[in-house]
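Examination of the molecular architecture
Read off the chains here:
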Amino acid sequence: MVFSQRTVTCGGLTKADDGKRVVLNGWVHRERNHGAIFFINLRDRYGITQVVVADDADKELSDTASKLKMEYCISVTGTVRLRPEGMINLEMSTGEIEVKAEKIEILSTCATLPFMIEDENKAREDLRLKYRFLDLRCSGMQKRIALRHYFVKAIRDFLSARDFYEIETPTMIRSTPEGARDFLVPSRLYPGKFYALPQSPQLMKQLLMCSGFDKYFQIARCYRDEDARGDRQLEFTQLDLEMSFVQRDDVLALMEQLFCHVFKQILDYDLPVHFRRIAYKDAMNQYGCDKPDLRFEVEMKDFDALAAKSTFGAFHEALASGKGAVRALVAPKTEGVEFTRKYIQELESAAKIYGAHGLAWMKVADGKLNGGVSKYFEGMDDEVISSLGAGEGDMICIVAHPQWKKCCTSLGAVRSKLGKDLKLIRPSFEFCWIIDFPLFSYNEDKGHWEAEHHMFSMPQDRFIPTLESDPGSVLGDLYDLVLNGYEVASGSIRIHDVELQRKIFRICNFSDEEAEEKFGFLLNAFRFGPPPHGGIAPGVDRLVMIISQQESIHEVIAFPKNTFGVDPMDGSPETVDQKQLDELHLIINYPKKEEKQS
RNA sequence: GAGGGAGUAGCGAAGCUGGUUUAUCGCGCUGGCCUGUCACGCCGGAGACCGCGGGUUCGAGUCCCGUCUCUCUCGCCA
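Before going further, it helps to spend a moment on the packing of aromatic side chains. Under the defined criterion, the tally for this structure stands at 24 aromatic pairs. An angle of 10° between the planes, with centres 4.7 Å apart, marks the rings of Phe275 and Phe431 as stacked. Within this pair, whereas Phe275 is found in the loop between α6 (248-267) and β11 (276-279), its partner Phe431 is found in strand β17 (residues 431-435), the two being separated by 156 residues in sequence. The class for Phe275 is buried, based on a relative accessible area of 4%. Relative to Phe519, the ring of Phe456 lies with its centre 5.6 Å away and its plane at 75°, an arrangement referred to as edge-to-face.

Below you can see the structure in the form of structure tokens.
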């Protein structure tokens, strides 16, 4: 197709270009027809420029102009001129100039739009996803995709300058029996055999360490066949990173420098040089989760002793086994929010989602405990109020549970809800490290220990003697990076010793034979002088989401899947031809529809 | 696997406790007018069996049951 190709973009013209003859290519963003004069806002990736078809236009030009509709793709040839006095639009970066059209070519027309191309598309998400190519024309999406590009570029620049190599690893690998469900790819050449898509390049990067590439990173696509959430979907992108000859603090320091650099580069935002470090146990006790939002101050307090002194039966029951806990927090008196029965009930349901049986509460009025469970604290008013630091008009919320973790997470949910409802959250970026995670957790259903993180993380030295006798109390050289209540990175110092690695497999119920069968290639590599190494993997989607103030990673992914793993645009996943199945030696065993009992 | 929310023209919404109506409004679409707009303005028009299927009722967008789709959360996600 022959057409007038652009000489400039729609974002770049200024009054310095006055008088210049230019060609613009772009989309009709808005069109205003005043009869004998037309205004066209022409849009491309770089911005919007006003095109004028003036009253002196010939018939051909004004006929073409009158045919234009939103989202027609056109080429405009014309001359830049200053806008007349009083017609300057300060809202637009190009608002001081306009292009007087001499020729307009319609490059393609546009059907009736399913939604308007605006700054932020207000259509339902499934419609946005079906017409994602149009949704992406909206300036909000354009900005976020651009931000993502600059985010990744800043990472590459930073790491390259520090001698890291970017190395690609396979996306079709062996399925390994840990973590999430794998996505499988059937093999045509080997009937009955499958590749798996990587949940992360974990083992490959450890092997690269064994190869001597002591500083590695990769912007890696990862796949996990689990249900989606606002902050995760079945395929996502990680900055995967690994280093040899390092200890935990080297990794943490590098990440602190990296994020300081990146935030300065793309947001001109100054992060602190060091991020706060919180032990997992303290995070649970104080914030009720392992990814605390530190943008507001409400903290949970140990209420075991005071609960034991109270006369409230539920507290005593929770503590009876010795494994339970009672935690309390103070909801600050806030203008515009009444701690009504209805609101307290809302808080209680938030707690119940995480297993709490109830939410105990009392208010501080005239320096005394009032309402709720206050009658069980007779004579303890001053003690309770001062130990929690509660003030006049504040409300004390208490959760008791026979399981420590459930007690904490339930009250943590209350804390989160208060943060939002009482508008306590500051607009800022609050990073912190969560360290000293337990290495194992006991899986009641399966009846054996499992790795909290993954089986390749190093136990902290002091626990190595008691590894097998007391797995539950072993802390690992594990670390999560948390930002504004989201886990944005997770990593560890890895095991590089065959015997220690075998021990960990055994604790996680893998026999030596099984371990050899599934992870033999790693164990084999560890026989040939593996270096001590460790790394981390920040989630790119999540970080860009938080930086761009969004609540769903869909807003920063060009073509995301919906909550059911379906792409409404291309319709995937979809059935395939019988021929394809035959080639792959597959027979589909459809699930039987359950007969409904009538 | 479980729970909460939603579904009304192409899009976004209103429609209270069942009953004045031809189901309302904004955007878009469409016909016309308009020489400085920039979310242009003005006049006119088309477009919805109120997700789908039953039921209750003299009467259902509204109440009940079922079902589908979407969305958030728990479980799950090292």
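This paragraph deals with the protein's contact with RNA strand B. Neighbouring residues of RNA strand B: 49 residues in total, closest Asp55, Glu452, His453, His454 and Thr563. Among atoms of RNA strand B positioned within 4 Å of the protein, sugar and phosphate together represent 54%. Gly35 has a polar backbone atom sitting 3.5 Å from a base nitrogen of RNA strand B. Asp227 is positioned such that a nitrogen or oxygen atom in its side chain is 2.9 Å from a base nitrogen of RNA strand B. Within the residue set of the surface near RNA strand B, elements represented by two or more residues are β1 (21-33), β2 (38-44) and α2 (125-130).

Turning our attention to the pattern of salt bridges. Counted according to the given criterion, the structure contains 43 salt bridges. Among the ionic pairs, Lys205 bridges to Glu242, the shortest N-O distance being 3.3 Å. Linking Lys205 in helix α5 (residues 202-210) with Glu242 in strand β10 (residues 235-244), this pair joins segments that are 37 residues apart in sequence. For the residue pair Lys205 and Glu242, the accessibility class agrees, reading buried in each case. Each of Glu120, Arg128, Arg132, Asp135, Arg144 and Glu555 takes part in one network of salt bridges that share partners.

This part covers helix α4 (residues 139-161). Along its 23 residues, α4 runs 33 Å from first to last C-alpha, staying within 8% of the 33 Å computed at 1.5 Å per residue. As for α4, its buried residues are in contact with α2, α3 (132-135), β9 (215-223), β10, α6 and α15 (540-547). Note on α4: the residue one or two positions beyond its end, Asp163, has a positive phi of about 70°.

What follows is about the domain arrangement of chain A. Once the domains are mapped, chain A shows domain 1 (15-108), domain 2 (141-277 + 432-556) and domain 3 (297-425). Spacing between the C-alpha centres of domain 2 and domain 3 amounts to 36 Å.

All right, on to the packing of helix α10 (residues 341-353) against helix α12 (residues 404-421) then. Look at α10 against α12: their axes get within 7 Å of each other, and the N-to-C directions meet at 135°. Our classification of the angle between α10 and α12 gives oblique. With respect to the hand of their crossing, α10 and α12 are arranged in right-handed fashion. Two secondary-structure elements touch here, α10 through Tyr343, Glu346, Leu347, Ala350 and Ala351 and α12 through Ser410, Ala413, Val414, Lys417, Leu418 and Asp421. Here the residues of the contact of α10 with α12 are counted per class, giving seven nonpolar, one polar and three charged.

This brings us to the packing of α5 against helix α14 (residues 512-525). The axes of two packed helices give the description: the angle between them and the distance between them. Where α5 contacts α14, the two axes come as close as 10 Å, and the packing angle between them is 20°. By the angle between their axes, α5 is roughly parallel relative to α14. By crossing handedness, the relation of α5 to α14 is classed as left-handed. Judged by residue contacts, Leu203, Gln206, Leu207 and Cys210 of α5 engage Phe519, Phe521, Leu522 and Ala525 from α14. Residues of the contact of α5 with α14, tallied by class, amount to seven nonpolar, one polar and no charged.

Across the sheet, which stays open at both edges, the five strands sit in the order β12-β13-β16-β14-β15 with antiparallel pairing between neighbours. Only two strands of the sheet have a single partner each, and these edge strands are β12 (301-302) and β15 (368-370). Pairing of strand β13 (residues 325-331) with strand β16 (residues 395-401), which is carried by seven bridges, proceeds in the antiparallel orientation. Bridged to Val326 within β16 is Ala400. Of the strands in this sheet, β13, β14 (360-365) and β16 are in contact with helix α9 (residues 313-320), which crosses β16 at around 40°. This element, α12, spans β13 and β16 of the sheet and lies at about 10° to β13.

Calculation notes
Residues numbered from 1 in each chain as written. Chains lettered and ligands numbered in written order. Predicted model: local features only at pLDDT ≥ 70, side-chain atom pairs only at ≥ 80, totals over all residues. Heavy atoms only, no water. Phe/Tyr/Trp six-rings, centres within 6.5 Å; stacked < 30°, edge-to-face > 60°. Helix = DSSP H or I, 4+ residues; strand = E, 2+ residues; numbered from the N terminus. Buried < 20%, exposed > 50% of the residue type's maximum accessible area, 1.4 Å probe, protein only. Near = heavy atom within 4 Å. Polar contact = N/O pair within 3.5 Å; in protein donor to acceptor, adjacent residues only side chain to side chain. Salt bridge = Lys/Arg side-chain N within 4 Å of Asp/Glu carboxyl O. Expected span 1.5 Å × (residues − 1). Contact = heavy atoms within 4.5 Å. Domains from an automatic or database assignment. Axes fitted to C-alpha atoms, helices over the stretch in contact; angles between N-to-C directions. Parallel < 35°, antiparallel > 145°, perpendicular 65-115°, else oblique. Left-handed = near helix turned anticlockwise from the far one by under 90°. Nonpolar A, V, L, I, M, F, W, Y, C, P; charged D, E, K, R; others polar. Pairing = 2+ DSSP bridges.

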